[in-house]
Amino acid sequence: MTHSNRRLSTVKNVPSKYPDANFTQSSIRWLIFNAKENGFSSCIVRIGRKVLIDLDSFEDWLDEQAAQGGQ
């Protein structure tokens, strides 16, 4: 799989990319902290101490959550 067009964002910038979803930096950090339990680990890209969110994977994860009824 090629990652040449990968859309990555910092935790700080994710809420501004989805203004209608009412995400906050804190809610994204909570998802990261609980990633093993909620399946969010597929959205996380770690480079050293830097944590980035793969926006395509994030949108896929959101769709999965909606299909499951947000469980």
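Quick caveat: nothing in here was measured; it's all calculated off a predicted structure.

Draft legend 1. The arrangement of the overall build of the protein in detail. Tallying secondary structure elements over the protein gives four helices and three strands in all. For the protein, whose C-alpha radius of gyration is 12 Å, the value lies close to the compact-globule estimate of 11 Å for 71 residues. Principal-axis analysis of the C-alpha atoms places the extent of the protein at approximately 30 × 25 × 25 Å. Out of the 71 residues belonging to the protein, those deemed buried represent 34%.

Draft legend 2. Structural context of the pattern of salt bridges. What the rule picks out here adds up to three salt bridges. One salt bridge connects arginine 7 with glutamate 59, and the closest N-O pair in it is separated by 2.9 Å. Residue arginine 7 is located in the segment before strand S1 (8–10), and its partner glutamate 59 is located in helix H4 (residues 55–67); the two are separated by 52 residues in the primary sequence. By relative accessible area, which is 28% here, glutamate 59 ends up partly exposed. Several salt bridges share partner residues, and in doing so they unite Arg7, Asp56 and Glu59 into one network.

Draft legend 3. Spotlight on helix H2 (residues 25–33). Of the residues making up H2, those classed as buried are Ile28, Leu31 and Ile32. In a view along the axis of H2, the buried residues occupy a sector of 100 degrees, so they form one face of it. Turned more than 90 degrees from where H2 packs its buried face, Ser26, Trp30 and Phe33 sit exposed. The secondary structure elements touched by the buried residues of H2 are helix H1 (14–17), helix H3 (35–38), strand S2 (44–47), strand S3 (50–54) and H4.

Draft legend 4. Main features of the packing of aromatic side chains. Here the structure, examined in full by the defined rule, presents five aromatic pairs. Arranged with centres 5.3 Å apart and planes meeting at 65 degrees, the rings of tyrosine 18 and phenylalanine 58 form a pair that is edge-to-face. Pair noted here: tyrosine 18 is in the loop between H1 and H2 and phenylalanine 58 is in helix H4, with a separation of 40 residues, a long-range link. A single burial state applies to tyrosine 18 and to phenylalanine 58, both of which are buried. Feature note: the residues Tyr18, Phe23, Phe40, Phe58 and Trp61 constitute an aromatic cluster, connected by ring pairs.

Draft legend 5. View of H4. Between its terminal C-alpha atoms H4 stretches 18 Å, which fits the 18 Å expected from 13 residues at 1.5 Å a residue. For H4, the complete set of buried residues consists of Leu55, Phe58, Trp61 and Gln65. Considered in projection along H4, the buried side chains sweep an arc of 110 degrees and stay on one side of the axis. Set apart from the buried face of H4 by more than 90 degrees, the exposed residues are Asp63 and Ala67. Of the surrounding secondary structure, the elements contacted by the buried residues of H4 are S1, H1, H2, H3 and S3. N-capping of H4 is provided by aspartate 54, with a side-chain oxygen placed 3.0 Å from the backbone N of aspartate 56. Looking at the residues trailing H4, positive phi occurs at glycine 69, about 80 degrees.

Definitions and cut-offs
Residues numbered from 1 in each chain as written. Predicted model: local features only at pLDDT ≥ 70, side-chain atom pairs only at ≥ 80, totals over all residues. Heavy atoms only, no water. Helix = DSSP H or I, 4+ residues; strand = E, 2+ residues; numbered from the N terminus. Rg over C-alpha atoms; globule rule 2.2 N^0.38 Å. Buried < 20%, exposed > 50% of the residue type's maximum accessible area, 1.4 Å probe, protein only. Salt bridge = Lys/Arg side-chain N within 4 Å of Asp/Glu carboxyl O. Arc of directions from axis to C-beta. Contact = heavy atoms within 4.5 Å. Phe/Tyr/Trp six-rings, centres within 6.5 Å; stacked < 30°, edge-to-face > 60°. Expected span 1.5 Å × (residues − 1). Polar contact = N/O pair within 3.5 Å; in protein donor to acceptor, adjacent residues only side chain to side chain.

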